[in-house]
Amino acid sequence: MNDQKNSNDGKPRVAIIGAGTMGNGIAQVCALAGRQVILVDISDNALERGIATLSGNLERQVKKGLIDEADRQAALGRIQPQTHYGALAGSELVIEAASENLELKRQILTLIEEATESDALIASNTSSLSISELASVLGKPERFIGLHFFNPVPVMTLVEVIRGLQTAEATYAKALAFAGQIGKTAISVRNSPGFVVNRILCPMINEAIFVLQEGLASAEDIDTGMRLGCNHPIGPLALADLIGLDTLLAILETFHRDFGDPKYRPSTLLKEMVAAGYLGRKSGRGFHSYT
Ligand SMILES: NC(=O)c1ccc[n+]([C@@H]2O[C@H](COP(=O)([O-])OP(=O)(O)OC[C@H]3O[C@@H](n4cnc5c(N)ncnc54)[C@H](O)[C@@H]3O)[C@@H](O)[C@H]2O)c1
């Protein structure tokens, strides 16, 4: 590892692509773990929104006594927002957390490879796309891996580490070590649409939307039913709003296409809500209202 990859305290620099729901959370966790973070998005607006969100989350952590004010300020000071990929040079690890769209991610991975040294690790936080397929756009696909964080990233301790067919053992070992260093628990998963957790979770949420669509119960009662009847901490429709209905739809469409199994077809109500711009928390309205 060269000096350029080390921050002042010797910890390697991490870059994150996308400052949205997941990207700003990953940036927050990495910065609190002492990493210098480059946070890249396409516009200053997107970056400002991402920084405002993580800044608010850090303040809440201070109020709850989870971190102190000095930690909060130090973490914020470690995050450098950027709109150009040239800023990635010198990063030991780049985590792609942009919108769930195969063509977009392929373009971004090419840009990451151009901007980084050949020994940098490249990871995607994709929820459902094939790690082997994403890796195939890279000149060195052996350095690519899936690092799938969970929402909200500062709260959820799991990371799925997904090896594609091309992923090298050394890449896998470094990714596992990184997850541990930032305080996450990793599970190892073979590449397959949706990996493990979303493969089980997203069809369950889709079924809850079918139940709503069929008029069996209200959104409130469906969520209360699953909270009190199954001890889930949050109901499936509230969880859909947290994930983002566009992201959930993209995941289900990938399952439907890649497995070729009609059991994964997204409910028409979900498609209609996304078409209407009701995306959940991030747009202020989903199955519940957030305004
Ligand atoms: N939302 C979840 O619960 C969740 C959980 C785990 C994984 N994921 C995955 O994480 C990824 C991001 O999801 P999200 O929910 O944060 O989406 P989001 O819509 O909240 O944020 C996506 C961000 O990517 C940015 N972006 C788009 N094109 C870009 C480009 N070319 N370069 C840099 N940034 C670009 C957008 O401006 C936006 O800020 C997706 O692959 C998603 O499947 C999401």
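Conventions we followed
- Residues numbered from 1 in each chain as written.
- Predicted model: local features only at pLDDT ≥ 70, side-chain atom pairs only at ≥ 80, totals over all residues.
- Heavy atoms only, no water.
- UniProt positions renumbered as here; feature names shortened; annotations may be inferred.
- Buried < 20%, exposed > 50% of the residue type's maximum accessible area, 1.4 Å probe, protein only.
- Contact = heavy atoms within 4.5 Å.
- Polar contact = N/O pair within 3.5 Å; in protein donor to acceptor, adjacent residues only side chain to side chain.
- Pairing = 2+ DSSP bridges.
- Helix = DSSP H or I, 4+ residues; strand = E, 2+ residues; numbered from the N terminus.
- Axes fitted to C-alpha atoms, helices over the stretch in contact; angles between N-to-C directions.

The protein appears in an unreviewed UniProt entry as 3-hydroxybutyryl-CoA dehydrogenase from Azotobacter vinelandii. On record in UniProt, under Sequence similarities (unreviewed entry), the comment for the protein is "Belongs to the 3-hydroxyacyl-CoA dehydrogenase family."

What follows concerns the UniProt feature "site: Important for catalytic activity" (unreviewed entry) in the protein. Under the UniProt annotation, "site: Important for catalytic activity" (unreviewed entry) lies at His 148. According to the relative accessible area criterion, His 148 is buried, its value standing at 3%. Excluding its chain neighbours within four sequence positions, the residues that come into contact with His 148 are Ser 124, Asn 125, Thr 126, Ser 127, Leu 158, Val 159, Glu 160, Ile 162, Phe 195 and Asn 198. At 2.8 Å, the side chain of His 148 forms a polar contact with the side chain of Glu 160.

Moving on, we get to the sheet that holds strand E3 (residues 79–82). In space, the eight strands of this open sheet follow the order E3-E2-E1-E4-E5-E6-E7-E8, with mixed pairing throughout. Of all strands in the sheet, those with a lone pairing partner are E3 and strand E8 (185–190), marking the two edges. Pairwise comparison of adjacent strand axes, ignoring direction, gives a mean angle of 25° for this sheet. With four bridges joining them, strand E1 (residues 14–17) and strand E2 (residues 37–40) adopt parallel strand pairing. The partner of Ala 15 across the bridge, within E2, is Ile 38. Strand contacts of helix H2 (residues 44–63): E2 and E3, with the helix running at about 160° to E3, the strand carrying the most contacts.

UniProt tags residues 194–290 as "domain: 3-hydroxyacyl-CoA dehydrogenase C-terminal" (unreviewed entry). With 62% helix and 0% strand, residues 194–290 has end C-alpha atoms that lie 28 Å from one another.

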